[in-house]
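Inside the fold
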Amino acid sequence: MAVFDIGWTSIASNGTFNWFIHGFNSKQAVAFSIVVFPGTGAGVPYPVGHATLTQGESFEHVDGTKAYKVYMRNNAPFNSCNVHLLAQVESL
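Presented here is an overview of the structure given in this document. (Residues numbered from 1 in each chain as written. Predicted model: local features only at pLDDT ≥ 70, side-chain atom pairs only at ≥ 80, totals over all residues. Heavy atoms only, no water.)

Let us now look at the sheet that holds strand S4 (residues 51-60). Here we have 3 strands laid out as an open sheet, ordered S2-S5-S4, and antiparallel in their pairing. The sheet is open, and its two borders are formed by strand S2 (16-24) and S4, each paired with just one other strand. The average undirected angle you get between the axes of adjacent strands in this sheet is 20°. Pairing geometry for S2 and strand S5 (residues 66-74), over 8 bridges, is antiparallel. (Pairing = 2+ DSSP bridges. Helix = DSSP H or I, 4+ residues; strand = E, 2+ residues; numbered from the N terminus. Axes fitted to C-alpha atoms, helices over the stretch in contact; angles between N-to-C directions.)

In this structure the tally under the stated criterion is 1 salt bridge. Residue Lys-66 is joined to Glu-60 by a salt bridge in which the shortest nitrogen-to-oxygen separation is 3.8 Å. When its relative accessible area of 52% is taken as the criterion, Glu-60 is described as exposed. (Salt bridge = Lys/Arg side-chain N within 4 Å of Asp/Glu carboxyl O. Buried < 20%, exposed > 50% of the residue type's maximum accessible area, 1.4 Å probe, protein only.)

Moving on, we come to the nonpolar core. Membership of the largest hydrophobic core comes to 15 residues, with the highest contact counts inside it found for Ile-21, Phe-24, Val-30 and Phe-32. Ranked by residues supplied to this core, first place goes to strand S6 (residues 81-91) with 5 residues. (Core = buried A, V, L, I, M, F, W, Y, C linked by side-chain atoms within 4.5 Å.)

Inspection of the secondary structure assignment puts Glu-90 in strand S6. Sequence separation between Glu-90 and Ala-2 is 88 residues, and the spatial gap between their C-alpha atoms is 6.8 Å.

Moving on: the pairing of S6. By the bridge criterion, 9 bridges tie strand S1 (residues 2-11) to S6 in an arrangement that is antiparallel. Directly across from Ala-2, in S6, lies its bridge partner Val-89. Where strand S3 (residues 28-38) lies against S6, 11 bridges are found, and the strand directions are antiparallel. Pairing of Ser-33 across the sheet is with Leu-86, part of S6.

The following block contains the structure:
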């Protein structure tokens, strides 16, 4: 089992971000997770890091590679958040 840091993004308060990740082979199972850090907000002395990850669609290309689309939402009403997307990959 390997874990990869896919990358990170900043999401505005109550905002969303979609990510399309490709390059996995057809014999790999992939599960995504996020690590959330509070961002900033005007007049917010104690920002909160609160986000939701939804693992959405799965695609298989004609060459046999796999791709996934994930959806992230910042649930903090008054500040941004920074989200790191991780992928846990298991070969079958």
